[in-house]
Structure formats: structure tokens, C-alpha cells
Amino acid sequence: MIRVAIIGAGSVEFTRNVVADLCSFPELAGQVTIALHDINAERLAYSERAAASIVRRTGTGHRVEASAERRPAVQGADYVINEIQVGGYRHTLMDFEIPKKYGVRQTIGDTIGIGGIFRGLRTIPVAVGIGNDLHELAPDALLLNYTNPMAMVPWGVYEGTPFANVVGVCHSVRDTHAFLAAAVGVPEEDVAFRTAGFNHQCFVLRFRHRGTGEDLYPRLREVIEADPEGLGRRVRVEIFRRFGYFPTESSEHSSEYVPWFLHHDGQVERFRCEIDEYVRRSERNLEDWEQTKAALDAGQELEVEPASELASEIIHSLETGTAREIYTNVRNGGLIDGLPGNACVEVPTLVDKNGVQPTRIGALPTQCLALNRTFLNVVELTVRAVLEERRSLVYQAALVDPNTAATLTTEQIVAMCDDLIEAHGALMPEGIRNGS
């Protein structure tokens, strides 16, 4: 049996997508044990019911089990999918409300920015615990991480534990490729892309028609110029204008990674920056959760529709040898020149019977590398803050964060970090909490 453990399985919608995918592969029928774990007993119970319903309705014969403890779930696992949100909605709200008192605006707050820093501070220690468990209980497993901040979490695992077989997966590159192909009116299968950088700050380096070899960037520029009040008022389009390569993250999210937008009222209006968007998404997720509970309690069967989740596709490719190119987040190790070898970068990756094989990119355009280095500063200092348990590194991560630094003085940044550390309490590493 292939053992697939899902950590944070109480995220029922996501768990349902993964299970539906695993049930859609006829080659794997009857061969998968799906081991669910969540620290929230109620959510875990509903997740188990949802997964069992999908397996039953598809007739695939997979086995579903649930465990309130992590170690039994991951023991002997071949694959472990990490989808945790440490602290849940309550602590996410703190990441927005406390900085807001200081005048710091955020949109998503889960990657860099002050919200990304503090999500990293409370998530990396748990991810390190998972890595240590896998080293002991499933040393040959592949850890597939969905949890943000993506550029930080895998780095924390392979730098802070003996376990190194961790790969991060995210839809942002895939979604950007689909958007760009549609924008220029070319079927996506007819476009050759090459994209690389950091998760949520990759750049599309190659954008060409497969058949003719035409560079599609000039056509994209024409489309943008013809739509000044639509495409022209997006942050990611403005970054493309100024830097020459299209970034892979949404406009609301991209606004947080640079110093030019969120603290200017005029720029927020012009580029339609969606302040506090993640808070609204979180509230909608809670409403969806209540609807899912009600449906299961009423005896309704959940819809079964494969979602092409990247983790599921990776598992399928490794088990069957089906070759796929999937963008993954992995240890740099020379894949991208000019970035530290231990940084977690996002690159195209061949996945087949020979394993997960990242592509060496080489040199990025200088201006893209410059933006990536700014991004890296925050990521690296936050990872170090957790692994070394040093509050001074938390301050420094916030001090070099582009949006935070553009908004506040040094004294205000330190005071805001102190308030956040106190508010998050026991979810902070002990050394940071105690002020070392």
C-alpha cells in the first residue's frame, strides 16, 4: 500500500480535492492508505467522513484512517502533505489588526511583510517537528508542503532537521501561465514558458509561441496598452512595465513585497490594492466550513471532482512513471546563480520514475535578481530567527521588509514586533518569546 499522510487535514475543502484526485487515478485503485491528522478533533472527524465518502462513491477501494496524533499518521508514510495553518483564524487576525494600529497595510500577509514574518515564526517550529518525526519514522518519505510562507517553511525543515526530502508546491506559476496565454489569445499548450525565482515572486523569463518561436511579450504589451483602466491598473502589470518580466503572484499579493504601493493612498486607489483581503477570505472559508459541516450532518454526499492538485500529480508521476513538468520549491544548490545555496527557490521540475528533478536555471536578469534578493533578506532572517530563537533577528527581518520599512520608523517597527510576539504568546519560539 502507498501511504499518504495529510497533516492539517481539517482543511476539509483542500483534503477533499487531494482525495478526489487520488481516487481519479485508475492505476492506483485500491493501493492507497490516506492517513489524516489534525489537532482539531471536530475538523478531523468531518475530514474523515468527507474522505471516506469520496472513496466509497468512487469505488476505488482506498483506505482512510484518522489520527489525533501526528506520529502515528506519518509513521511509514511514503508521502506527507503539509497543509497546516498554525494558530488558525484567530492568530491570522492578529497579524493584520496589530500592524494596522501602527499604520501598516497588508493584503494577504502570509509570505513576507510583517504578517508573513509572524506566520513564519509560528509555522516553522511545527514544520521542524514534522521533519524530525519523518527522519525517525519515515526517512524515505517525500514531504509535500503547501503551507505558507512557502519560501521559509521548506528551508526551515532542511536547515533545521536531518530530513531533507521536502518539496513545496503552489499554484501561482501554473495560474500565471494560464492567465498570460489567455491574455495574448494563444492556447496554453502552444506556449513555451520558463519561469523561476522565489515562490510568489517568480518571473516569466521565456514567453514564446511553440510553433513559430514568436516572443509573446510584445503582444502582451499591446494588450495592456489597449486596456489602461483594466490590466493597466494592476500591481503585477506595473512591475512588468518597470522590470520587463511578468511576476507570478496576484496584484494584491505582489503589492506587499515592494515598498511602492500600500502606504500611498493614491497608489492603493490607482492599483486597486485590496487591503485586508486575506481576512475576508478567511471569513468566507469559515462560512464554507459551516456549510460543509451542515451538508455532512444532513447525510449529503460531497461533490467528487478531481482538482489537479500538484501534490496528487507528483504522487501519481512518481508511482506510475508518468512524466510531468511541475513547478516546485526546492533547495537552490546552484539552480539559480546569485542566490545562496540553501535558499528555497521555485523552478520547473521534471517528475517521473526517476524522482523529482529540478531544472538548473543559471543567471536571472539582473533586475529580477535584485527584487529576489530583497525578498530573500526577509525570508532568511526569519528562518534564522526561528532556528536560533533570537528576537533581534525578528526585528531585523521586519526592518528590512520593504513594505514595513517604507511605512514605519525603526522604533515603531521594534514596538510592533514586541506587541505581536506578546500577542502570539506560546506559538512563538521560547527564546524569541523571552526576549533573547
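Residues numbered from 1 in each chain as written. Predicted model: local features only at pLDDT ≥ 70, side-chain atom pairs only at ≥ 80, totals over all residues. Heavy atoms only, no water.

Draft legend 1. Highlighting the side chain of glutamate 256. Here glutamate 256 lies in the loop between helix 10 (251–254) and helix 11 (265–270). Put simply, glutamate 256 is tucked away with no salt bridge, and the nearest opposite charge, on arginine 281, sits 9.1 Å away. Side-chain polar atoms of glutamate 256 contact the backbone nitrogen of glycine 109, separated by 2.9 Å. Once you skip the residues sitting within four places of it in the chain, glutamate 256 turns out to touch Gln106, Thr107, Ile108, Gly109, Leu262 and Asn403. (Helix = DSSP H or I, 4+ residues; strand = E, 2+ residues; numbered from the N terminus. Buried < 20%, exposed > 50% of the residue type's maximum accessible area, 1.4 Å probe, protein only. Lys, Arg positive; Asp, Glu negative; His and termini not counted. Salt bridge = Lys/Arg side-chain N within 4 Å of Asp/Glu carboxyl O. Polar contact = N/O pair within 3.5 Å; in protein donor to acceptor, adjacent residues only side chain to side chain. Contact = heavy atoms within 4.5 Å.)

Draft legend 2. Here's a closer look at the packing of aromatic side chains. All told, the structure shown has 13 aromatic pairs when counted by the stated rule. Consider the rings of phenylalanine 193 and phenylalanine 207, whose centres lie 5.5 Å apart with planes at 10°: the pair is stacked. Taken together, the positions of phenylalanine 193 in strand 7 (residues 191–198) and phenylalanine 207 in strand 8 (residues 201–209) put the pair 14 residues apart, joining distant regions of the chain. Phenylalanine 193 sits in the buried class, given a relative accessible area of 10%. In this structure phenylalanine 207 comes out as buried when scored by relative accessible area, which is 1%. Its end group placed over the ring of tryptophan 289, arginine 43 keeps NZ or CZ at 4.2 Å from the ring centre. One Lys or Arg, arginine 236, reaches over the ring of phenylalanine 179 and ends 5.5 Å from the middle of that ring. (Phe/Tyr/Trp six-rings, centres within 6.5 Å; stacked < 30°, edge-to-face > 60°. Lys NZ or Arg CZ within 6 Å of the ring centre and 35° of its normal.)

Draft legend 3. Spotlight on the pattern of salt bridges. Counted according to the given criterion, the structure contains 25 salt bridges. We note a salt bridge from glutamate 42 to lysine 293, for which the minimum N-O separation is 3.0 Å. Taken as a pair, glutamate 42 in helix 2 (residues 41–58) and lysine 293 in helix 12 (residues 277–297) lie far apart in primary sequence, 251 residues in all. According to the relative accessible area criterion, glutamate 42 is partly exposed, its value standing at 40%. Taking relative accessible area as the criterion, lysine 293 reaches 12% and is therefore assigned buried. For arginine 49, the salt bridge identified is with aspartate 297, shortest N-O distance 3.4 Å. One end of the pair, arginine 49, is in helix 2; the other, aspartate 297, is in helix 12, and 248 residues separate them in sequence. When salt bridges that share partners are traced, they join Glu252, Glu277, Arg280, Arg281 and Arg284 into one network.

Draft legend 4. Quick look at the packing of helix 8 (residues 217–225) against helix 9 (residues 235–243). Across the interface, helix 8 lies against helix 9 with an axial gap of 12 Å and an inter-helix angle of 130°. Classified by the angle their axes make, helix 8 and helix 9 are oblique. Where helix 8 crosses over helix 9, the handedness of that crossing is left-handed. Contacts between helix 8 and helix 9 pair Tyr217, Leu220, Arg221 and Ile224 from the former with Val237, Phe240 and Arg241 from the latter. Among the residues forming the contact of helix 8 with helix 9, the class breakdown is five nonpolar, no polar and two charged. (Axes fitted to C-alpha atoms, helices over the stretch in contact; angles between N-to-C directions. Parallel < 35°, antiparallel > 145°, perpendicular 65-115°, else oblique. Left-handed = near helix turned anticlockwise from the far one by under 90°. Nonpolar A, V, L, I, M, F, W, Y, C, P; charged D, E, K, R; others polar.)

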